[in-house]
Amino acid sequence: AISSANTNTNLAATGLADGTYKVYAVDAAGNLSSPSSNSVTLDTTAPTITGTTVASNNASIAVTFSEALYNTSGGSGALEASDFSLTISGGTATLSSATPSSISSSSNTYTLGLSLSGTPNGTENITVLPSSSTAIYDAAGNAASTSQSNNTVTLNDKTAPTITGTTVASNNASIAVTFSEALYNTSGGSGALEASDFSLTLSGGTATLSSATPSSI
């Protein structure tokens, strides 16, 4: 109870859900006041990663958060590349640095540059996290956790298929060509290979090729 007018009073917020509140007063007779002219916003929810995508050329990843972010608990300071940490698992490519090579932002999405060594084969997984528990904050000062979901992407396959073996039939009627992975005749990953997708040459000996294109496939 408030015993006299014009008295500053602390009101407990325990148990209140996040949201915006105004204050009302009730006198002993049960009369309800008008709402306070000022409002109070209660925010105890830490920012989280809601989605992560990778550029088609694997040069960067875009990380989207649930709200606006800062690099101080006072709600100021733009995020820097050093506020993030990257790890990689699987595949053949590696990270040259655990710190993104660059950073840019649009609204709540941050685009982080990737420094890769080697050519990705499409089985590498990149995981992004705040670099520490005191690196990234929302406007209310809630720190982003170093344990997140929606924060892993798979790099795009940039390793060209290769021929791993070639054998000839005993009667010389055909050759069997084995490749390092499944193949298609369009860049979109569809379309069966055709005889015209191959070219043959012959050197030495006495026999010749009637055509540089295989007769069947």
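Residues numbered from 1 in each chain as written. Predicted model: local features only at pLDDT ≥ 70, side-chain atom pairs only at ≥ 80, totals over all residues. Heavy atoms only, no water.

(A) Quick look at the nonpolar core. Core analysis: the largest hydrophobic core is formed by 19 residues, its most contacted members being Ile61, Phe65, Phe84, Ile126, Val128 and Ile136. Listing elements by their share of this core, those giving two or more residues are β4 (60–65), β5 (84–89), β8 (109–113) and β10 (125–130). Broken down by element, the residue count for this core peaks at three residues, all from β4. Not counting chain neighbours up to four residues away, the residues in contact with phenylalanine 65 comprise Thr48, Ile49, Thr50, Phe84, Asn108, Tyr110 and Ile136. (Core = buried A, V, L, I, M, F, W, Y, C linked by side-chain atoms within 4.5 Å. Buried < 20%, exposed > 50% of the residue type's maximum accessible area, 1.4 Å probe, protein only. Helix = DSSP H or I, 4+ residues; strand = E, 2+ residues; numbered from the N terminus. Contact = heavy atoms within 4.5 Å.)

(B) Layout of the pairing of β8. Inspection of the sheet shows β4 paired to β8 by five bridges, in the antiparallel sense. The residue bridging valine 63 from the neighbouring strand is tyrosine 110, located in β8. Bridge analysis of strand β7 (residues 103–106) against β8 gives four bridges, and the strand direction is antiparallel. Across the sheet, isoleucine 103 pairs through a bridge with leucine 112, a residue of β8. (Pairing = 2+ DSSP bridges.)

(C) Region of interest: unusual backbone geometry. Residue asparagine 58 is not a glycine yet carries a positive backbone phi of 65 degrees. Positive phi, normally seen in glycine, also occurs at asparagine 150, with a value near 60 degrees. In this structure, asparagine 150 sits in the loop between β10 and β11 (152–154). Taking relative accessible area as the criterion, asparagine 150 reaches 46% and is therefore assigned partly exposed.

(D) Here's a closer look at a nonpolar patch on the surface. Together, Ile163, Val168, Ile175 and Val177 give the surface a local cluster of nonpolar side chains, amounting to about 340 Å² of exposed area. At the level of secondary structure, the elements contributing two or more residues to the nonpolar patch comprise β12 (163–168) and β13 (175–179). Residue position: valine 168 is located in strand β12. (Patch = residues over 30% accessible without salt bridge, like charges linked within 9 Å, V, L, I, M, F, W, Y side chains within 5 Å. Areas by Shrake-Rupley, 256 points an atom, 1.4 Å probe, with all protein chains shown as cover. Salt bridge = Lys/Arg side-chain N within 4 Å of Asp/Glu carboxyl O.)

(E) Geometry of the packing of aromatic side chains. Per the counting criterion, the structure on display carries four aromatic pairs. Members of the aromatic cluster, each reached through a chain of ring pairs, are Phe65, Phe84 and Tyr110. (Phe/Tyr/Trp six-rings, centres within 6.5 Å; stacked < 30°, edge-to-face > 60°.)

(F) Here's a closer look at the sheet that holds β4. Within the open sheet, the four strands sit side by side as β3-β4-β8-β7. Their pairing is antiparallel. Because the sheet does not close on itself, it has two edges, and the strands there are β3 (49–54) and β7. On average, adjacent strands in this sheet sit at an angle of 20 degrees to one another, irrespective of strand direction. For β3 and β4, the ladder comprises five bridges, and the chain directions are antiparallel. Bridging across to β4, threonine 53 finds its partner in alanine 62. (Axes fitted to C-alpha atoms, helices over the stretch in contact; angles between N-to-C directions.)

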